[in-house]
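Summary of structural features
The lines below spell out each chain.
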Amino acid sequence: GSPPTGATTTSESIDNLFITMCFYARLGFIQPPSCLQCAHCKSTKKTNERNTITERTSCNNLVPWRRDANVPLHPDGLGDNLVFVTCETAKSLISGDVYPSIQWDNKNRRILHEM
């Protein structure tokens, strides 16, 4: 459940990660589909004359996910239920992609095969 090696976590950054989880939960998401920065960029993107949207190619911001999304979201109850994935991984898992080390079971709302 700890952030990857080399990731900086301060009390403020952990608070921000919890805010990310709550923001998406209020919108009805079971797990955050991206970091707030990417969500903001996507929501404010304008199309150019040819109606194409340029997506950001990759984002390594940390996104907090619950191992078991059936456990109610509360700061005191996260403990061992919290895992950090990169924004790109979150986007891929939400899209149904499967990795050898991690997979999202949408039906049972749980992470499978965690690293």
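Quick summary incoming for the structure in this document.

Our next topic: the overall build of the chain. A count of helical and extended segments in the chain gives three helices and four strands. Its helices and strands taken in sequence order, the chain reads α-α-β-β-α-β-β from the N to the C terminus. By residue count, 28% of the 115 residues in the chain fall in the buried class. Partitioning the contacts of the chain with sequence separation of at least 6, the portion at a separation of at least 24 is 56%. Here the chain has roughly 7700 Å² of accessible surface; of this, 51% comes from carbon and sulfur atoms.

This part is about the packing of aromatic side chains. Inspection of every chain in the model, using the stated rule, returns three aromatic pairs. Pairing Y24 with F29 gives two aromatic rings, centres 5.5 Å apart and planes at 85°, and the pair type is edge-to-face. Accessibility expressed as a relative area gives 3% for Y24, which makes it buried. Plain terms: the ring middles of W65 and W104 are 5.3 Å apart, the flat faces sit at 80° to each other, and that makes the pair edge-to-face. Of this pair, W65 sits in strand 1 (residues 62–66) while W104 sits in strand 3 (residues 103–105), and the two are 39 residues apart along the sequence. In terms of burial, W65 and W104 fall into one category: buried. In textbook terms, an aromatic cluster arises when at least three aromatic residues are bridged by ring pairs, as seen for F23, Y24 and F29.

One can find S34 in the loop between helix 1 (11–26) and helix 2 (36–44). Judged by relative accessible area, which is 8%, S34 ranks as buried. A polar contact of 3.1 Å, which involves the side chain of S34, links it to the side chain of Y24. When residues no more than four places from it in sequence are discounted, the contact partners of S34 are T20, Y24, A39, V63, C87, A90 and K91.

So, on to helix 3 (residues 87–94). The complete set of buried residues in helix 3 reads C87, A90, S92 and L93. Those residues of helix 3 that are buried are in contact with helix 2, strand 1, strand 2 (82–86) and strand 3. Residue G96 follows helix 3 closely and has a positive phi angle near 100°.

As a further point, take unusual backbone geometry. You will see that R109, though not glycine, has its phi angle at about 55°, which is positive. With respect to the helices and strands, R109 occurs in the loop between strand 3 and strand 4 (110–112). Note on R109: relative accessible area 30%, which makes it partly exposed.

This part covers the side chain of T20. Summarising the element assignment, T20 is placed in helix 1. Discounting chain neighbours no more than four positions away, the residues touching T20 are P32, S34, L36 and P64.

With that settled, consider the nonpolar core. In terms of nonpolar packing, the biggest core is built from 14 residues, with C35, V63, W65, V85, C87, W104 and I111 touching the most fellow members. Elements represented by at least two residues in this core include exactly strand 1, strand 2 and helix 3. If one sorts the elements of this core by residue count, helix 3 sits on top with three residues. Apart from residues lying up to four places away in sequence, I111 is in contact with W65, R66, R67, V83, I102, Q103 and W104.

The rules behind the values
- Residues numbered from 1 in each chain as written.
- Predicted model: local features only at pLDDT ≥ 70, side-chain atom pairs only at ≥ 80, totals over all residues.
- Heavy atoms only, no water.
- Helix = DSSP H or I, 4+ residues; strand = E, 2+ residues; numbered from the N terminus.
- Buried < 20%, exposed > 50% of the residue type's maximum accessible area, 1.4 Å probe, protein only.
- Contact = heavy atoms within 4.5 Å.
- Areas by Shrake-Rupley, 256 points an atom, 1.4 Å probe, with all protein chains shown as cover.
- Phe/Tyr/Trp six-rings, centres within 6.5 Å; stacked < 30°, edge-to-face > 60°.
- Polar contact = N/O pair within 3.5 Å; in protein donor to acceptor, adjacent residues only side chain to side chain.
- Core = buried A, V, L, I, M, F, W, Y, C linked by side-chain atoms within 4.5 Å.

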